Amino acid sequence: MLYNSTQNAREVVSSAQAIAQGISKDGGLFVPQEFPKYDKADFQALLAMDYRGRAKKVFSDFLTDFTEEEIIDCVSKAYTSEKFGGSNPAPMAYTKLGDTPLNVLELWHGPTCAFKDMALQILPHLLTKSLKKTYDGKDAVILVATSGDTGKAALEGFKDVEHTKIIVFYPVDGVSPMQKHQMNTQEGSNVTVCAIKGNFDDAQTGVKKIFTTPEISEKLAENNMLFSSANSINWGRLLPQIVYYISAYCDLVNDGKIALGDKINVVVPTGNFGNILASYYAGLMGLPVAKFICASNSNNVLTDFINTGIYDKNRDFYTTMSPSMDILVSSNLERLLYKLSGDSDVSTKEWMDSLKSTGKYEVSDEVKAVIREKFFGGFCGEEQTQSIINRLFTQSGYLCDTHTAVAVNVYEQYVKNTGDTTPSVIASTASPYKFSKAVLKAVSPDCTLPETEFEMVDMLFDISKMPVPAPLASLKDKKARFSDVTEVDKMPEYVLSALSIE
Ligand SMILES: *Cc1c(COP(=O)(O)O)cnc(C)c1O
């Protein structure tokens, strides 16, 4: 299977090249030229497998230039019971909100308690193997712009992986205290963490600029290094996310919730559009998905886009209690547009150029029609986020984090609007303990909040009796290693200095 750039279909690469390079030279994103199709017999076979078996099947069908041994090696290093606290790294939980059943796909059982572990535990292994195939002998420099969870998950995934170095930038006031502490205490000899004076989009733009500055790339090349990306634009990030939608469907069948062949909806709390795109790709492979429900917080640029076909990032930016979704430019939407426009690199490039120059674009009527048919977009404000956490906990004893709450709220809106009772999978993207303060305020509005995040964790445990994930419990005693803060325009110098190649 080959991959090409969304902005130049003649830029064609192997999967190893796509993963090693991260982003195409023309600024486009790599996409598979075709999608493997699974029929009933394929699903029948998948039903009998565990998560790792399902992952191996999906990976083999996309990474055709990897050997079977390489894929087995990556999968078995990534999805261990030890790292994910159980044999199924992405288990289902079944609960209810009022009369509405919620099939919750818990994607946060990995080492950083958020869904990005699902991809970032395997990406470093895919990447080192890809580099060996393409740029043998070079060290990969991973630059990450994060709104919180990606940074820590990437650091955990890459720490002490040979032939890699990782530098993470985060917005100084745009992540939770717990997220900050998680990153600043990161262990590993090949890691650097730095805050920037700006928001997530500034960090992301800064990183993109560094990637595309020829002088910086030359300097790296002289020192036998090359840039690669662990952000959700890397194909090696997206592919692992397809697996858990297929696996969730199999679990629903095995648990007697649906019959093989039944349609489902998926509900995804969305920021950069990676997670929901993976579900769409699973749909292209034959997963029977009726509706893709895209849930946003007050930064509702995607809701407007789905409803109007106009993407306009010229609007106020809000810092919310679901910070991993505080995003105005959803990078992975580019891949959806490429697909929906009939693999048109010309249209995709036009829209992306317009986004760059005016902050805005409007898709064609054909694309609008498909979006309206397959997607539902909704958003949820701060108060509703808290009230849904409260209702779900009070009514059903199920505790969810702020991001998942946004999805549950938008799903409720969807059911009210449409009356659609198709069984739905709700992607739950973080442990509630990762956002203890907001969750605590939601379930116990009258409590006096303790001083530190760790006391809040203890208090939330007292109220919910839900076990605190081990990686969060052990953080308390860790000392911070990193405290740098830099201006956005100083990011290039910071990178060169961190790599000791000024
Ligand atoms: C990253 C993240 C999201 C958004 O996912 P995208 O793939 O960027 O749309 C949602 N929730 C949490 C907890 C996250 O970390």
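Residues numbered from 1 in each chain as written. Predicted model: local features only at pLDDT ≥ 70, side-chain atom pairs only at ≥ 80, totals over all residues. Heavy atoms only, no water.

Chemist: What am I meant to see in the side chain of Gln 179 here?
Modeler: Along the chain, Gln 179 turns up in helix H9 (residues 177-184). Residue contacts for Gln 179: discarding those within four places in its chain leaves Ser 147, Gly 148, Asp 149, Pro 323, Ser 324, Lys 434 and Phe 435. (Helix = DSSP H or I, 4+ residues; strand = E, 2+ residues; numbered from the N terminus. Contact = heavy atoms within 4.5 Å.)

Chemist: Would you mind showing me how to read the environment of Leu 499 here?
Modeler: Among the secondary structure elements, Leu 499 is positioned in the segment after helix H23 (491-498). Between the alpha carbons of Leu 499 and Asn 224 there is a distance of 12 Å; along the sequence they are 275 residues apart. Non-local contacts of Leu 499, meaning those with residues more than four positions away in its chain, are made with Val 141, Lys 165, Ile 167, Leu 220 and Met 225.

Chemist: Explain the site of the ligand here, please?
Modeler: Around the ligand there are 15 residues in total, and Lys 116, Asp 149, Gly 271, Asn 272 and Thr 429 lie nearest to it. Within the backbone of Phe 273, an N or O atom sits 3.1 Å from an oxygen atom of the ligand. Here an oxygen atom of the ligand sits 2.9 Å away from a polar atom, N or O, in the main chain of Asn 275. Here the ligand, which alone exposes 390 Å², has 98% of that area covered by the protein. Class assignment for the residues of the shell around the ligand results in 5 nonpolar, 8 polar and 2 charged. (Near = heavy atom within 4 Å. Polar contact = N/O pair within 3.5 Å; in protein donor to acceptor, adjacent residues only side chain to side chain. Areas by Shrake-Rupley, 256 points an atom, 1.4 Å probe, with all protein chains shown as cover. Nonpolar A, V, L, I, M, F, W, Y, C, P; charged D, E, K, R; others polar.)

Chemist: Would you take a moment to explain H9 for this structure?
Modeler: Quick reminder: α-helices carry 3.6 residues per turn. Residues three or four places apart thus point the same way. Along H9, the residues classified as buried are Met 178, Gln 179, Gln 182, Met 183 and Asn 184. Its buried side turned inward, H9 meets helix H8 (149-158), strand S7 (164-171), strand S8 (191-196), helix H21 (453-464) and helix H22 (470-473). (Buried < 20%, exposed > 50% of the residue type's maximum accessible area, 1.4 Å probe, protein only.)

Chemist: Got a minute to help me understand the domain arrangement of the chain in this structure?
Modeler: Taken domain by domain, the chain holds domain 1 (80-113 + 237-435) and domain 2 (436-473). With centres defined by C-alpha atoms, the gap from domain 1 to domain 2 works out at 26 Å. Summed over both partners, the interface of domain 1 with domain 2 comes to about 1,500 Å²; 72% of that surface belongs to carbon and sulfur atoms. Considering only the side of domain 1, the residues that lose the most area to domain 2 are Phe 393, Leu 399 and Tyr 433, jointly responsible for 44% of the buried surface there. Applying the counting criterion to the domain 1 and domain 2 interface returns 0 salt bridges. Taken together, domain 1 and domain 2 are joined by 8 residue pairs in polar contact (both at pLDDT 80 or more). Among the elements that make up the side of domain 1 that touches domain 2, the one with the highest residue count is helix H18 (residues 382-396) (4 residues). For the side of domain 1 that touches domain 2, a count of residues per class yields 11 nonpolar, 5 polar and 2 charged. (Domains from an automatic or database assignment. Buried area = accessible area lost by both parts, 1.4 Å probe. Salt bridge = Lys/Arg side-chain N within 4 Å of Asp/Glu carboxyl O.)

Chemist: Would you explain the sheet that holds strand S11 (residues 289-296) in this entry?
Modeler: Strand order in this open sheet of 6 strands is S4-S5-S15-S10-S11-S14, and the pairing throughout is mixed. At either end of the open sheet lies a strand with only one pairing partner, and these are strand S4 (92-97) and strand S14 (375-379). For this sheet the average axis-to-axis angle between neighbouring strands, irrespective of direction, equals 25°. Where S4 and strand S5 (residues 100-106) come together, 6 bridges link them in antiparallel fashion. Bridge pairing in S5 places Leu 97 opposite Thr 100. This element, helix H12 (residues 235-254), spans S4, S5, strand S10 (264-269) and strand S15 (424-428) of the sheet and lies at about 75° to S4. (Pairing = 2+ DSSP bridges. Axes fitted to C-alpha atoms, helices over the stretch in contact; angles between N-to-C directions.)

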